[in-house]
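The primary structure of each chain is shown beneath.
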Amino acid sequence: QVQLVESGGGLVQPGGSLRLSCAASGFTLDDYAIGWFRQAPGKEREGVSCIDNIDGSTYYADSVKGRFTISRDNAKNTVYLQMNSLKPEDTAVYYCAADKFGPGLSPLSYDYWGQGTKVTVSS
């Protein structure tokens, strides 16, 4: 069974931090590029960050550069998204996804998706 399970979401004040986790089972996560996406109420799903399994290169949407960091722990078959300096506009359901062929911030090429974890940034 191929599964991706996100965790770590919750309610946080503006300027605060959260670390999201994406745990993979049923496949070796390091064989795939992994992306983080988010969908805010009334908006389309957008790419946030991704990490390449070939050389570890990382990519970020302009809206999160300098605030978010993606990383991989192959021993735990898990990818993380560290989110700092959170803003109300970061409020969304966050999803992780796996792409067999390479990284990118478009959701169209991703093969496997998790169920999502909700992040709310509010005072």
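About the thresholds
Residues numbered from 1 in each chain as written. Predicted model: local features only at pLDDT ≥ 70, side-chain atom pairs only at ≥ 80, totals over all residues. Heavy atoms only, no water. Helix = DSSP H or I, 4+ residues; strand = E, 2+ residues; numbered from the N terminus. Rg over C-alpha atoms; globule rule 2.2 N^0.38 Å. Pairing = 2+ DSSP bridges. Buried < 20%, exposed > 50% of the residue type's maximum accessible area, 1.4 Å probe, protein only. Axes fitted to C-alpha atoms, helices over the stretch in contact; angles between N-to-C directions. Disulfide = S-S within 2.5 Å. Polar contact = N/O pair within 3.5 Å; in protein donor to acceptor, adjacent residues only side chain to side chain. Contact = heavy atoms within 4.5 Å. Core = buried A, V, L, I, M, F, W, Y, C linked by side-chain atoms within 4.5 Å. Salt bridge = Lys/Arg side-chain N within 4 Å of Asp/Glu carboxyl O.

A.B. asks: With reference to specific residues and values, describe the overall build of the protein chain.
C.D. replies: When its secondary structure is counted, the protein chain shows 0 helices and 11 strands. Walking the protein chain from its N terminus toward its C terminus, one meets helices and strands in the order β-β-β-β-β-β-β-β-β-β-β. For a compact globule of 123 residues, the expected C-alpha radius of gyration is about 14 Å, and the protein chain comes in at 13 Å, within 12% of that figure. Based on the C-alpha atoms only, the size of the protein chain along its principal axes is roughly 40 × 25 × 25 Å.

A.B. asks: Which residues make up the pairing of strand 3 (residues 18-25), and what values do they have?
C.D. replies: Sheet analysis places strand 1 (residues 3-7) next to strand 3, joined by 5 bridges and oriented antiparallel. Pairing of glutamate 6 across the sheet is with cysteine 22, part of strand 3. Summarising the sheet, strand 3 and strand 8 (residues 78-83) pair through 6 bridges and their orientation is antiparallel. Opposite arginine 19, over in strand 8, you have glutamine 82 as the bridge partner.

A.B. asks: Run through the pairing of strand 8, naming residues and quoting values.
C.D. replies: Among the 6 residues in strand 8, 5 count as buried, and that is most of the element. As paired elements, strand 7 (residues 68-73) and strand 8 share 6 bridges and run antiparallel to each other. Residue pairing across strands places phenylalanine 68 opposite methionine 83, the latter belonging to strand 8. Between the end of strand 7 and the start of strand 8, which pair antiparallel, lie 4 residues, with asparagine 77 showing a positive phi angle near 55°.

A.B. asks: How would you explain the sheet that holds strand 7 if you had to name every residue and give the values?
C.D. replies: In space, the 4 strands of this open sheet follow the order 1-3-8-7, with antiparallel pairing throughout. Taken across any chain shown, the strands that pair with only one partner, and hence form the sheet edges, are strand 1 and strand 7. Averaged over all pairs of adjacent strands, the angle between their axes in this sheet comes to 15°, without regard to strand direction.

A.B. asks: Explain the state of the cysteines residue by residue, including any values.
C.D. replies: Within this structure, the stated rule accounts for 1 disulfide. Not engaged in a disulfide, the cysteine cysteine 50 finds its nearest cysteine sulfur in cysteine 96; these two sulfurs lie 13 Å apart. With a relative accessible area of 1%, cysteine 50 lands in the buried category.

A.B. asks: Let's hear about the side chain of asparagine 53: which residues, and what values?
C.D. replies: Here asparagine 53 lies in the loop between strand 5 (46-51) and strand 6 (58-60). A distance of 3.3 Å separates the side chain of asparagine 53 from the backbone oxygen of aspartate 31, its partner in a polar contact. Those residues in contact with asparagine 53, other than ones at most four positions away along the chain, are Asp30, Asp31, Tyr32, Ala33 and Arg72.

A.B. asks: Give a detailed account of the nonpolar core, specifying residues and quantitative values.
C.D. replies: If you look at the biggest cluster of nonpolar residues, it comprises 29 residues, and the most contacted ones within it are Trp36, Phe68, Leu81, Met83 and Tyr94. When near neighbours in sequence (up to four residues on either side) are disregarded, phenylalanine 68 contacts Arg38, Val48, Tyr60, Leu81, Gln82, Met83, Asn84, Leu86, Asp90 and Tyr94.

A.B. asks: With reference to specific residues and values, describe the pattern of salt bridges.
C.D. replies: Tallied over the entire structure, the rule returns 5 salt bridges. The residue arginine 67 makes a salt bridge to aspartate 90 at a minimum N-O spacing of 2.7 Å. Of the two residues, arginine 67 is situated in the loop between strand 6 and strand 7 and aspartate 90 in the loop between strand 8 and strand 9 (92-99); the sequence distance between them amounts to 23 residues. Both residues of the pair, arginine 67 and aspartate 90, count as buried. Each of Arg38, Glu46, Arg67 and Asp90 takes part in a single network of salt bridges with overlapping partners.

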